[in-house]
Amino acid sequence: MYPELKLFIAGEWRTTASDMPVVNPATEQEIGRLPRAAKSDLDDALEAAEKGFRIWSRTSPRKRSDVILRAAALMRARQEEIAHSITLEHGKPLPQARLEVIRGAEFFEWDAGEAMRTYGRVIPAAHGHKFSVHHQPIGVVAAFSPWNFPMSQPARKIAGALASGCSIILKAAEETPAGAIHIARAFEDAGLPPGVLNLLFGEPSEISGYLIPQEPVRLVAFTGSTAIGRHLTTLASENMTSVLMELGGHAPVIVCEDTDVDMAAVSGAVRKMRNAGQVCTSPTRFFVHERIFDDFAATFVERAAATVVGNGMDDGVEMGPLANERRVPVLTDLVEDARAKGADVATGGARFGETGYFFEPTVLMNVPDDARIMQEEPFGPIAVINPVSSLDDAIAKANAVPYGLAGYAFTNRADYIDRMIDEVEVGNLSINTLEASMPETPFGGVKSSGYGREGGAEGLDNYMTVKHVWHSAKIT
Ligand code: NAD
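Cut-off values and rules
Residues numbered from 1 in each chain as written. Predicted model: local features only at pLDDT ≥ 70, side-chain atom pairs only at ≥ 80, totals over all residues. Heavy atoms only, no water. Helix = DSSP H or I, 4+ residues; strand = E, 2+ residues; numbered from the N terminus. Expected span 1.5 Å × (residues − 1). Phe/Tyr/Trp six-rings, centres within 6.5 Å; stacked < 30°, edge-to-face > 60°. Buried < 20%, exposed > 50% of the residue type's maximum accessible area, 1.4 Å probe, protein only. Polar contact = N/O pair within 3.5 Å; in protein donor to acceptor, adjacent residues only side chain to side chain. Contact = heavy atoms within 4.5 Å. 1 Å grid on protein atoms, 1.4 Å probe; cavity = no way out; pocket = protein on both sides within 12 Å on 5 of 7 lines; lining within 4 Å. Points joined across faces, edges and corners; volume = space filled by probe spheres on them.

1. Points about helix 11 (residues 327-340)
Helical geometry: 3.6 residues make up each α-helical turn, so side chains three or four residues apart lie on a common side. Between the first and last C-alpha of helix 11 there are 20 Å, a value that for 14 residues agrees with the 20 Å anticipated at 1.5 Å per step. G342 sits one or two positions beyond helix 11 and adopts a positive phi of about 115°.

2. What about the packing of aromatic side chains?
For the coordinates displayed, the defined rule picks out eight aromatic pairs. The interplanar angle of 85° and the centroid separation of 5.5 Å between the aromatic rings of W147 and F379 together place this pair among those described as edge-to-face. Residue W147 is found in the loop between strand 7 (140-144) and helix 5 (152-164), and its partner F379 is found in the loop between strand 15 (362-365) and strand 16 (382-388); the two are separated by 232 residues along the sequence. A residue is classified by how much of its surface remains accessible, and W147, at 11% relative accessible area, is buried. Ring geometry for F352 against F358: centres 5.9 Å apart, planes inclined by 45°, an arrangement best described as tilted. Residue classification places F358 among the buried residues on the basis of a relative accessible area of 8%. Among the aromatic residues, those joined into a ring-pair cluster are F286, F296 and F300.

3. Section: the side chain of H182
Residue placement: H182 occurs in helix 6 (residues 178-190). Residue class for H182 comes out buried when judged on its relative accessible area of 3%. Engagement of the side chain of H182 in a polar contact is seen with the side chain of S85, the distance being 3.0 Å.

4. Brief notes about the environment of A276
For A276, the location among the structural elements is in the loop between helix 9 (261-273) and strand 13 (283-289). Judged by relative accessible area, which is 2%, A276 ranks as buried. In the structure, A276 is positioned 184 residues away from K92 in sequence and 7.8 Å away in space, judged by C-alpha atoms. Non-local contacts of A276, meaning those with residues more than four positions away in its chain, are made with M319, G320, P321, L322, G380 and P381.

5. Observations concerning empty space enclosed by the protein
For the structure on display, the rule yields six cavities of 30 Å³ or more. Each pocket or cavity is described by its volume, and for the largest cavity that value is around 70 Å³. Of all the elements, helix 5 adds the most residues to the lining of the largest cavity, at four residues. Considered as a void within the structure, the second largest cavity measures approximately 60 Å³ in volume. Surrounding the second largest cavity, 15 residues form its lining, P252, A398, Y403, E425 and V426 being those nearest its centre.

What follows is the structure, given as structure tokens:
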């Protein structure tokens, strides 16, 4: 079920020597070898992408849309095969991998529609003059996608680029290469011209360091940590290349005293453990009104501790292992730091099992403000539950991090909701649900969570430039 791992350049699949194993995080067994792009592969990808851009930017939006929709239909038809690959390389439960395939297809379908709606406008002008505004594809895109959603993360970037008329060179995550391979196969089968989509793997810093400063690259699109996003933005500034940055988050959840406490607590515990917490919008810092704190925490801890953890291929499993081993000591250190500073570890807190990168669903309570986890995104199955005395207190704490991606609240009070819409510093605010985005809604962050938006009517803006045309009927 796991595909052969290759580079895809100029419409051809390439094998390379490889010493980098791809490992199933539930069993620690090798499932493939990652190809490593050499400098010559990068040069070939650049040349192919330049040629691809010339073809694709002149292809009509309707034709582009048709190809994207055909590829998305193939992904849907191959859902089972793709989902198995994702669970093998990432560890998430198979039903969640199946949903991810559909979500990836939906990103393509949404942007395929948007391809036909990149409207310009006409600006009123004096007699004999015409002012018009045109949106044009920006050029070659260098994109870098992470490992937490092996299919839907590359899908976001490829969809935006191809719908806009750009060509793209994507370096997908080393740990989870198969999702992007399946996407490239679908586009190959759907008739995408060679060079429009190029897929690379290898040493991330070598690939980004070489590609980003190259003249044909006009946009760097990245999803990952704020530290790497900052580094890539610095590289891009060399040529004043645009960037689209989807970076870390540290989502607050404000739980008000009027809410249904049990429902909110169960929803919080279930959503926190989804994808083993490896989601940039994962609800992490729960600020709960002191009047309902004990009841909320008791239900939350009970549900979190009951999470069925195991190999994502097994029936009934709700949470798989962490996707890679290096995250285990990071999470352990965050828990130990919080414990040393006085937090209560209500459940979990450690790695478990003989094999696999399994980490217990973890709930920390009464965590002091100076604990590292109050500032550092855990990106794992750890929730913090702290009491607050008022909405002012909750909003101040929600905003007391450098991040601003997703934020959540449970309340039906209109006056509270009104204030949170104005005052919570995030790009995506959800009330009474812990869902943060859909293909048709704009997604992205403020503050150190990055800039630019993916999805929604705004999703193609980053991939396009704005050209104003002044046409005078006579030479003036
Ligand atoms: P990381 O920043 O080292 O890596 C994240 C991704 O960036 C990986 O896929 C990696 O291949 C890529 N990357 C790393 N260095 C790069 C470089 N020089 N050039 C181009 N790409 C590069 O972090 P990690 O240890 O893999 O994951 C931990 C942190 O990453 C988390 O704390 C989280 O903040 C962040 N992360 C965020 C998302 C998201 O959806 N926003 C996804 C994955 C990881």
